[in-house]
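Each chain, written out:
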Amino acid sequence: MGDCDNVTIRELLPDYAAGTLDRDARSRVAAHVAGCALCRDELALLAMARRALQPAMSIDTARIARGVVAATVTGQRRHAPSRVRATRWSAVRLAASIALAAAGLATFGVWQKGRVTDDPDTLAAVTMPAVAAALAPVGGLAELDENQLNTLLDDIASLEAAPAAEPADIVPTFVDPTAEEIQ
Amino acid sequence: MRTNDVSQDECMTGSDPGGQESDAALVERWQAGDERAATTLVERHAAPLARFAASLGVRDEIEEIVQDTFVRAFGSLGQFRGESTLRTWLFTILRRLVLDRRRARSRRPVAVPIEEGDVVTEFDALDAVVADEAERRLAAAIATLSPTQREVFTLRVGEGLSYREIATVAGTTEGAARVHYHNAMRAVKEFLDG
(Lines give C-alpha, C1' and ligand atoms only; values in the text may rest on other atoms or scores of the structure.)
Protein backbone atom coordinates (compact mmCIF):
# COMPACT_ATOMS: atom_id res chain seq x y z
CA MET A 1 0.00 0.00 0.00
CA GLY A 2 1.68 3.21 -1.14
CA ASP A 3 1.42 6.84 -0.06
CA CYS A 4 -0.16 9.65 -2.04
CA ASP A 5 2.16 12.55 -2.85
CA ASN A 6 -0.45 15.11 -1.82
CA VAL A 7 0.75 15.60 1.75
CA THR A 8 -1.87 18.25 2.54
CA ILE A 9 -4.74 15.90 1.77
CA ARG A 10 -3.08 12.96 3.51
CA GLU A 11 -2.73 15.03 6.67
CA LEU A 12 -6.48 15.61 6.60
CA LEU A 13 -7.53 11.99 6.07
CA PRO A 14 -7.72 11.05 9.79
CA ASP A 15 -9.88 14.13 10.42
CA TYR A 16 -12.04 13.24 7.41
CA ALA A 17 -12.49 9.72 8.79
CA ALA A 18 -13.33 11.16 12.23
CA GLY A 19 -15.83 13.58 10.69
CA THR A 20 -14.21 16.59 12.33
CA LEU A 21 -13.51 18.68 9.21
CA ASP A 22 -15.54 21.73 8.30
CA ARG A 23 -17.60 21.64 5.11
CA ASP A 24 -15.05 23.25 2.79
CA ALA A 25 -12.21 20.97 3.83
CA ARG A 26 -14.49 17.94 3.68
CA SER A 27 -15.47 18.78 0.10
CA ARG A 28 -11.82 19.28 -0.89
CA VAL A 29 -10.78 15.91 0.55
CA ALA A 30 -13.77 14.13 -0.96
CA ALA A 31 -12.97 15.54 -4.42
CA HIS A 32 -9.36 14.36 -4.16
CA VAL A 33 -10.23 10.91 -2.78
CA ALA A 34 -12.70 10.33 -5.62
CA GLY A 35 -9.81 10.38 -8.09
CA CYS A 36 -6.99 8.90 -5.94
CA ALA A 37 -6.85 5.14 -5.32
CA LEU A 38 -4.00 5.49 -2.77
CA CYS A 39 -6.01 7.90 -0.62
CA ARG A 40 -9.12 5.71 -0.94
CA ASP A 41 -7.11 2.75 0.37
CA GLU A 42 -5.70 4.83 3.22
CA LEU A 43 -9.15 6.15 4.08
CA ALA A 44 -10.53 2.60 4.16
CA LEU A 45 -7.64 1.63 6.43
CA LEU A 46 -8.34 4.59 8.71
CA ALA A 47 -12.05 3.75 8.93
CA MET A 48 -11.20 0.16 9.83
CA ALA A 49 -8.61 1.35 12.38
CA ARG A 50 -11.21 3.58 14.00
CA ARG A 51 -13.49 0.59 14.46
CA ALA A 52 -10.64 -1.50 15.84
CA LEU A 53 -9.56 1.29 18.20
CA GLN A 54 -13.08 1.97 19.41
CA PRO A 55 -14.25 -1.37 20.77
CA ALA A 56 -17.37 -1.46 22.87
CA MET A 57 -15.88 -0.93 26.33
CA SER A 58 -17.89 -2.50 29.09
CA ILE A 59 -17.69 0.41 31.47
CA ASP A 60 -20.50 1.59 33.70
CA THR A 61 -20.55 5.35 33.06
CA ALA A 62 -23.48 5.88 35.46
CA ARG A 63 -21.50 4.31 38.29
CA ILE A 64 -18.43 6.36 37.38
CA ALA A 65 -20.54 9.52 37.34
CA ARG A 66 -22.00 8.74 40.78
CA GLY A 67 -18.52 8.07 42.14
CA VAL A 68 -17.13 11.27 40.64
CA VAL A 69 -19.92 13.44 42.01
CA ALA A 70 -19.73 11.82 45.45
CA ALA A 71 -15.94 12.09 45.62
CA THR A 72 -15.85 15.66 44.39
CA VAL A 73 -18.66 16.93 46.61
CA THR A 74 -17.32 15.06 49.65
CA GLY A 75 -13.84 16.32 48.87
CA GLN A 76 -15.04 19.92 48.77
CA ARG A 77 -16.82 19.51 52.10
CA ARG A 78 -13.90 17.72 53.65
CA HIS A 79 -11.23 20.10 52.41
CA ALA A 80 -12.83 23.38 53.34
CA PRO A 81 -12.89 22.87 57.14
CA SER A 82 -9.46 21.26 57.12
CA ARG A 83 -8.00 24.40 55.60
CA VAL A 84 -9.57 26.38 58.44
CA ARG A 85 -8.16 23.93 60.95
CA ALA A 86 -4.73 24.10 59.34
CA THR A 87 -4.75 27.89 59.48
CA ARG A 88 -5.94 27.79 63.07
CA TRP A 89 -3.29 25.24 64.03
CA SER A 90 -0.55 27.35 62.47
CA ALA A 91 -1.80 30.33 64.43
CA VAL A 92 -1.69 28.29 67.64
CA ARG A 93 1.90 27.27 66.99
CA LEU A 94 2.90 30.85 66.20
CA ALA A 95 1.13 32.14 69.28
CA ALA A 96 2.79 29.47 71.41
CA SER A 97 6.21 30.52 70.14
CA ILE A 98 5.44 34.16 70.93
CA ALA A 99 4.14 33.13 74.35
CA LEU A 100 7.31 31.21 75.05
CA ALA A 101 9.44 34.18 74.07
CA ALA A 102 7.29 36.48 76.25
CA ALA A 103 7.60 34.12 79.20
CA GLY A 104 11.35 34.00 78.71
CA LEU A 105 11.60 37.78 78.66
CA ALA A 106 9.43 38.09 81.76
CA THR A 107 11.57 35.58 83.62
CA PHE A 108 14.70 37.37 82.48
CA GLY A 109 13.23 40.65 83.76
CA VAL A 110 12.59 39.14 87.17
CA TRP A 111 16.08 37.73 87.27
CA GLN A 112 17.64 41.04 86.21
CA LYS A 113 15.97 42.80 89.11
CA GLY A 114 17.65 40.39 91.51
CA ARG A 115 14.50 38.51 92.36
CA VAL A 116 15.75 35.16 91.18
CA THR A 117 13.61 32.35 92.50
CA ASP A 118 13.11 28.64 92.00
CA ASP A 119 9.59 28.85 93.34
CA PRO A 120 7.28 27.43 90.61
CA ASP A 121 4.33 29.50 91.80
CA THR A 122 6.26 32.72 91.43
CA LEU A 123 7.52 31.75 87.98
CA ALA A 124 4.03 30.74 86.91
CA ALA A 125 2.66 34.05 88.16
CA VAL A 126 5.16 35.81 85.94
CA THR A 127 4.98 33.65 82.79
CA MET A 128 1.41 32.37 82.56
CA PRO A 129 -0.25 35.73 81.92
CA ALA A 130 2.07 36.21 78.94
CA VAL A 131 1.33 32.72 77.60
CA ALA A 132 -2.41 33.15 78.12
CA ALA A 133 -2.37 36.54 76.41
CA ALA A 134 -0.53 35.15 73.40
CA LEU A 135 -2.84 32.14 73.04
CA ALA A 136 -6.07 34.02 73.69
CA PRO A 137 -6.71 35.04 70.04
CA VAL A 138 -6.73 31.41 68.91
CA GLY A 139 -8.93 30.06 71.66
CA GLY A 140 -6.31 28.92 74.17
CA LEU A 141 -4.95 25.49 75.01
CA ALA A 142 -8.39 24.13 75.86
CA GLU A 143 -9.22 24.11 72.13
CA LEU A 144 -6.36 21.74 71.25
CA ASP A 145 -6.85 18.01 70.98
CA GLU A 146 -4.33 15.57 72.42
CA ASN A 147 -2.27 15.23 69.24
CA GLN A 148 -2.04 18.98 68.73
CA LEU A 149 -1.04 19.45 72.36
CA ASN A 150 1.67 16.80 72.10
CA THR A 151 2.99 18.37 68.89
CA LEU A 152 3.02 21.75 70.55
CA LEU A 153 4.94 20.39 73.54
CA ASP A 154 7.43 18.70 71.20
CA ASP A 155 7.88 22.00 69.35
CA ILE A 156 8.51 23.84 72.59
CA ALA A 157 10.97 21.19 73.78
CA SER A 158 12.92 21.46 70.55
CA LEU A 159 13.20 25.25 70.57
CA GLU A 160 16.83 26.28 70.94
CA ALA A 161 15.75 29.59 72.48
CA ALA A 162 14.28 27.87 75.51
CA PRO A 163 16.77 28.17 78.39
CA ALA A 164 17.80 24.72 79.54
CA ALA A 165 19.30 25.97 82.82
CA GLU A 166 19.61 29.06 84.93
CA PRO A 167 21.90 31.56 83.20
CA ALA A 168 25.38 32.17 84.58
CA ASP A 169 26.23 35.37 86.43
CA ILE A 170 26.88 38.37 84.24
CA VAL A 171 30.54 39.43 84.31
CA PRO A 172 31.03 43.19 83.84
CA THR A 173 33.06 43.89 80.74
CA PHE A 174 33.68 47.60 81.38
CA VAL A 175 37.37 48.30 81.93
CA ASP A 176 38.52 51.51 83.55
CA PRO A 177 41.38 52.75 81.35
CA THR A 178 42.89 54.58 84.32
CA ALA A 179 43.09 51.47 86.49
CA GLU A 180 46.13 49.23 86.58
CA GLU A 181 46.15 46.13 84.47
CA ILE A 182 44.45 43.23 86.23
CA GLN A 183 46.93 40.56 87.10
CA MET B 1 -10.73 23.79 9.45
CA ARG B 2 -11.33 21.13 12.08
CA THR B 3 -14.74 21.48 13.62
CA ASN B 4 -13.56 20.26 17.02
CA ASP B 5 -11.15 23.16 17.44
CA VAL B 6 -13.98 25.29 18.71
CA SER B 7 -13.28 25.72 22.40
CA GLN B 8 -13.48 29.52 22.19
CA ASP B 9 -16.70 29.43 20.21
CA GLU B 10 -18.17 26.95 22.66
CA CYS B 11 -17.48 29.35 25.49
CA MET B 12 -19.30 32.08 23.64
CA THR B 13 -22.33 30.20 22.45
CA GLY B 14 -22.73 27.50 25.07
CA SER B 15 -23.37 24.85 22.47
CA ASP B 16 -21.37 23.04 19.83
CA PRO B 17 -22.31 22.84 16.15
CA GLY B 18 -24.10 19.56 16.80
CA GLY B 19 -26.54 21.27 19.11
CA GLN B 20 -25.23 19.54 22.24
CA GLU B 21 -24.54 21.66 25.27
CA SER B 22 -20.84 22.50 25.18
CA ASP B 23 -18.30 21.24 27.69
CA ALA B 24 -17.65 24.82 28.76
CA ALA B 25 -21.32 25.40 29.53
CA LEU B 26 -21.54 22.12 31.43
CA VAL B 27 -18.45 23.00 33.44
CA GLU B 28 -20.05 26.32 34.37
CA ARG B 29 -23.23 24.56 35.48
CA TRP B 30 -21.23 22.03 37.50
CA GLN B 31 -19.30 24.82 39.22
CA ALA B 32 -22.65 26.40 40.07
CA GLY B 33 -23.61 23.18 41.83
CA ASP B 34 -25.56 21.29 39.14
CA GLU B 35 -24.58 17.63 39.59
CA ARG B 36 -26.41 16.60 36.39
CA ALA B 37 -23.86 18.63 34.42
CA ALA B 38 -21.08 16.49 35.90
CA THR B 39 -22.96 13.35 34.98
CA THR B 40 -23.35 14.56 31.39
CA LEU B 41 -19.63 15.33 31.15
CA VAL B 42 -18.75 11.89 32.49
CA GLU B 43 -21.12 10.17 30.07
CA ARG B 44 -19.67 12.18 27.19
CA HIS B 45 -15.99 11.54 27.87
CA ALA B 46 -15.78 8.29 29.88
CA ALA B 47 -15.70 5.92 26.89
CA PRO B 48 -12.92 7.75 24.98
CA LEU B 49 -10.92 7.96 28.20
CA ALA B 50 -11.42 4.23 28.83
CA ARG B 51 -10.23 3.44 25.29
CA PHE B 52 -7.19 5.65 25.76
CA ALA B 53 -6.41 3.95 29.08
CA ALA B 54 -6.65 0.56 27.36
CA SER B 55 -4.31 1.73 24.62
CA LEU B 56 -1.82 2.72 27.33
CA GLY B 57 -1.88 -0.83 28.67
CA VAL B 58 -4.32 -0.40 31.58
CA ARG B 59 -6.27 -3.61 32.02
CA ASP B 60 -8.02 -4.20 35.32
CA GLU B 61 -8.53 -0.72 36.69
CA ILE B 62 -9.96 1.14 33.73
CA GLU B 63 -13.13 2.35 35.46
CA GLU B 64 -11.18 3.35 38.54
CA ILE B 65 -8.63 5.35 36.59
CA VAL B 66 -11.33 7.03 34.49
CA GLN B 67 -13.15 7.99 37.69
CA ASP B 68 -9.91 9.30 39.24
CA THR B 69 -9.34 11.37 36.11
CA PHE B 70 -12.70 13.11 36.49
CA VAL B 71 -12.24 13.57 40.22
CA ARG B 72 -8.84 15.20 39.63
CA ALA B 73 -10.21 17.35 36.83
CA PHE B 74 -13.33 18.49 38.70
CA GLY B 75 -11.26 19.13 41.80
CA SER B 76 -8.96 21.50 39.94
CA LEU B 77 -11.19 23.18 37.41
CA GLY B 78 -9.75 26.48 38.62
CA GLN B 79 -6.48 25.50 36.95
CA PHE B 80 -8.17 24.74 33.62
CA ARG B 81 -7.39 27.77 31.51
CA GLY B 82 -9.38 26.78 28.47
CA GLU B 83 -6.31 26.84 26.23
CA SER B 84 -7.11 23.27 25.21
CA THR B 85 -10.42 21.51 25.03
CA LEU B 86 -11.75 19.81 28.14
CA ARG B 87 -11.30 16.48 26.37
CA THR B 88 -7.61 17.13 25.73
CA TRP B 89 -7.18 18.16 29.36
CA LEU B 90 -8.89 14.96 30.54
CA PHE B 91 -6.65 12.85 28.30
CA THR B 92 -3.62 14.64 29.73
CA ILE B 93 -4.71 13.98 33.32
CA LEU B 94 -5.45 10.32 32.59
CA ARG B 95 -2.08 9.80 30.95
CA ARG B 96 -0.34 11.35 33.97
CA LEU B 97 -2.32 9.11 36.34
CA VAL B 98 -1.36 6.01 34.37
CA LEU B 99 2.31 6.98 34.42
CA ASP B 100 2.16 7.78 38.16
CA ARG B 101 0.63 4.38 38.90
CA ARG B 102 3.21 2.69 36.74
CA ARG B 103 6.03 4.46 38.61
CA ALA B 104 4.45 3.66 41.99
CA ARG B 105 4.21 0.00 41.01
CA SER B 106 7.79 -0.10 39.82
CA ARG B 107 8.91 1.11 43.27
CA ARG B 108 7.10 -1.75 45.01
CA PRO B 109 9.10 -4.96 45.44
CA VAL B 110 6.18 -7.08 44.23
CA ALA B 111 5.48 -4.85 41.26
CA VAL B 112 4.88 -6.41 37.87
CA PRO B 113 6.13 -3.87 35.33
CA ILE B 114 3.95 -3.28 32.31
CA GLU B 115 5.76 -4.79 29.38
CA GLU B 116 5.17 -4.57 25.70
CA GLY B 117 3.45 -7.94 25.89
CA ASP B 118 0.83 -6.60 28.28
CA VAL B 119 -0.35 -4.13 25.71
CA VAL B 120 -0.33 -6.78 23.06
CA THR B 121 -2.53 -8.83 25.37
CA GLU B 122 -4.92 -5.90 25.47
CA PHE B 123 -5.17 -6.00 21.72
CA ASP B 124 -5.41 -9.78 21.80
CA ALA B 125 -8.47 -9.32 23.98
CA LEU B 126 -9.73 -6.87 21.44
CA ASP B 127 -9.60 -9.62 18.85
CA ALA B 128 -12.52 -11.32 20.52
CA VAL B 129 -14.82 -8.49 19.54
CA VAL B 130 -13.31 -7.88 16.12
CA ALA B 131 -15.15 -10.27 13.88
CA ASP B 132 -13.70 -9.27 10.58
CA GLU B 133 -10.41 -10.91 9.60
CA ALA B 134 -9.04 -7.70 8.10
CA GLU B 135 -9.79 -5.82 11.28
CA ARG B 136 -8.15 -8.59 13.30
CA ARG B 137 -5.01 -8.22 11.19
CA LEU B 138 -5.13 -4.48 11.61
CA ALA B 139 -5.39 -4.89 15.39
CA ALA B 140 -2.35 -7.15 15.24
CA ALA B 141 -0.51 -4.51 13.18
CA ILE B 142 -1.33 -1.83 15.75
CA ALA B 143 -0.10 -4.14 18.49
CA THR B 144 3.35 -4.23 16.87
CA LEU B 145 3.79 -0.46 17.15
CA SER B 146 6.04 1.03 19.79
CA PRO B 147 4.14 2.40 22.82
CA THR B 148 4.67 5.99 21.67
CA GLN B 149 3.59 5.26 18.10
CA ARG B 150 0.53 3.38 19.35
CA GLU B 151 -0.42 6.20 21.70
CA VAL B 152 -0.16 8.82 18.95
CA PHE B 153 -1.91 6.60 16.40
CA THR B 154 -4.74 5.89 18.85
CA LEU B 155 -5.26 9.56 19.64
CA ARG B 156 -5.04 10.64 15.99
CA VAL B 157 -7.12 7.92 14.38
CA GLY B 158 -9.25 6.53 17.19
CA GLU B 159 -10.12 9.78 18.92
CA GLY B 160 -9.59 12.29 16.10
CA LEU B 161 -7.24 14.57 18.04
CA SER B 162 -5.14 17.11 16.16
CA TYR B 163 -1.34 17.02 16.33
CA ARG B 164 -1.47 20.03 18.63
CA GLU B 165 -3.84 18.24 21.00
CA ILE B 166 -1.73 15.09 20.89
CA ALA B 167 1.36 17.15 21.71
CA THR B 168 -0.45 18.58 24.74
CA VAL B 169 -1.59 15.17 25.95
CA ALA B 170 1.71 13.40 25.39
CA GLY B 171 3.92 16.28 26.49
CA THR B 172 5.72 16.53 23.17
CA THR B 173 5.77 18.80 20.11
CA GLU B 174 3.40 18.92 17.17
CA GLY B 175 6.26 17.98 14.86
CA ALA B 176 7.20 14.94 16.93
CA ALA B 177 3.56 13.85 17.07
CA ARG B 178 3.30 14.14 13.28
CA VAL B 179 6.46 12.06 12.78
CA HIS B 180 5.25 9.37 15.19
CA TYR B 181 1.90 9.21 13.41
CA HIS B 182 3.42 8.82 9.94
CA ASN B 183 5.93 6.24 11.17
CA ALA B 184 3.06 4.33 12.76
CA MET B 185 0.99 4.48 9.58
CA ARG B 186 3.96 3.25 7.52
CA ALA B 187 4.55 0.37 9.97
CA VAL B 188 0.87 -0.63 9.85
CA LYS B 189 0.87 -0.63 6.05
CA GLU B 190 4.05 -2.69 5.91
CA PHE B 191 2.60 -5.22 8.36
CA LEU B 192 -0.57 -5.55 6.30
CA ASP B 193 1.41 -5.84 3.03
CA GLY B 194 3.79 -8.42 4.47
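What counts as what
- Residues numbered from 1 in each chain as written.
- Chains lettered and ligands numbered in written order.
- Predicted model: local features only at pLDDT ≥ 70, side-chain atom pairs only at ≥ 80, totals over all residues.
- Helix = DSSP H or I, 4+ residues; strand = E, 2+ residues; numbered from the N terminus.
- Buried ≥ 20, exposed ≤ 12 C-beta atoms within 10 Å, placed from the backbone.
- Contact = placed C-beta atoms within 7 Å.
- Nonpolar A, V, L, I, M, F, W, Y, C, P; charged D, E, K, R; others polar.
- pLDDT = per-residue confidence, 0-100.
- Axes fitted to C-alpha atoms, helices over the stretch in contact; angles between N-to-C directions.
- Left-handed = near helix turned anticlockwise from the far one by under 90°.
- Parallel < 35°, antiparallel > 145°, perpendicular 65-115°, else oblique.
- Core = buried A, V, L, I, M, F, W, Y, C linked by C-beta atoms within 7 Å.

### A word on the overall build of chain A
Okay, so step 1: A tally of helices and strands in chain A yields six helices and zero strands.
Okay, so step 2: Listed by position from the N terminus, the elements making up chain A come as α-α-α-α-α-α.
Okay, so step 3: Looking at chain A residue by residue over its 183 residues, the buried ones come to 17%.
Okay, so step 4: Put simply, 66% of the contacts in chain A that link residues at least 6 apart link residues at least 24 apart.

### Overview of the overall build of chain B
Okay, so step 1: Across its full length, chain B carries ten helices and zero strands.
Okay, so step 2: Mapped from its N terminus to its C terminus, chain B presents α and β elements in the order α-α-α-α-α-α-α-α-α-α.
Okay, so step 3: Here chain B holds 194 residues, and 40% of them are scored as buried.
Okay, so step 4: Put simply, 54% of the contacts in chain B that link residues at least 6 apart link residues at least 24 apart.

### Some points on the interface of chain B and chain A
Okay, so step 1: Chain B puts 37 residues into the contact, and the matching count from chain A is 30 residues.
Okay, so step 2: Of all the elements in the fold, those that place two or more residues in the side of chain B that touches chain A are helix H3 (35–55), helix H4 (62–75), helix H7 (133–143), helix H8 (147–158) and helix H10 (174–193) of chain B.
Okay, so step 3: Looking at the side of chain B that touches chain A, the element that brings in the most residues is H3(B), giving nine residues.
Okay, so step 4: In terms of residue class, the side of chain B that touches chain A is made up of 20 nonpolar, eight polar and nine charged.

### A short note on the confidence of the model for chain B
Residue and element names in this part refer to chain B.
Okay, so step 1: Looking at chain B as a whole, the pLDDT averages 81, with 77% of positions reaching at least 70.
Okay, so step 2: Element-level pLDDT for chain B is lowest in helix H1 (residues 7–13), with a mean of 36, against a maximum mean of 95 in H10.
Okay, so step 3: Residue range residues 111–121 is modelled with pLDDT below 50. Its contacts to residues more than four positions away, or to other chains, number ten contacts.

### Let's talk about the confidence of the model for chain A
Residues and elements named next belong to chain A.
Okay, so step 1: In the predicted model, chain A carries a mean pLDDT of 69, and the fraction of residues at 70 or more is 39%.
Okay, so step 2: A low-confidence stretch, residues 77–87 (pLDDT under 50), is modelled with zero contacts involving residues beyond four sequence positions or located in other chains.
Okay, so step 3: Confidence drops under pLDDT 50 across residues 179–183; counting only partners more than four residues distant or on other chains, this segment forms zero contacts.

### Let's talk about the environment of B:Asp68
Okay, so step 1: Structurally, the position occupied by B:Asp68 is in helix H4.
Okay, so step 2: Sequence separation between B:Asp68 and B:Leu97 is 29 residues, and the spatial gap between their C-alpha atoms is 8.1 Å.

### A few points about the packing of helix H1 (residues 7–18) of chain A against helix H3 (residues 37–53) of chain A
All names here are of chain A.
Okay, so step 1: One can describe the packing of H1 onto H3 by two numbers: an axis separation of 9 Å at closest approach and a directional angle of 35°. The way H1 lies across H3 gives a crossing that is right-handed. Facing H1, whose interface residues are Ile9, Arg10, Leu13, Pro14, Tyr16 and Ala17, H3 presents Cys39, Glu42, Leu43, Leu46, Ala47 and Arg50.
Okay, so step 2: Residues that form the contact of H1 with H3 fall into these classes: nine nonpolar, no polar and three charged.

### A look at the packing of H4(B) against helix H5 (residues 86–107) of chain B
All names here are of chain B.
Okay, so step 1: Contact geometry for H4 and H5: axes closest at 9 Å, N-to-C directions at 120°. One finds that H4 runs oblique with respect to H5. Here H4 runs over H5; the crossing is right-handed. Of the residues in H5, those touching H4 at Ile65, Asp68, Thr69, Arg72 and Ala73 are Trp89, Leu90, Ile93, Leu94, Leu97 and Val98.

### Things to note about the nonpolar core
Okay, so step 1: Of all hydrophobic cores here, the largest spans 56 residues; its most connected members are B:Ala38, B:Leu49, B:Ala53 and B:Leu94.
Okay, so step 2: Ranked by residue count, the leading element in this core is H3(B), at ten residues.
Okay, so step 3: What B:Leu94 contacts, discounting residues up to four positions off in sequence, is B:Leu49, B:Phe52, B:Ala53, B:Ile65 and B:Thr69.
Okay, so step 4: Core analysis: the second largest hydrophobic core is formed by eight residues, A:Ala17, A:Ala18, A:Val29 and A:Cys39 among them.

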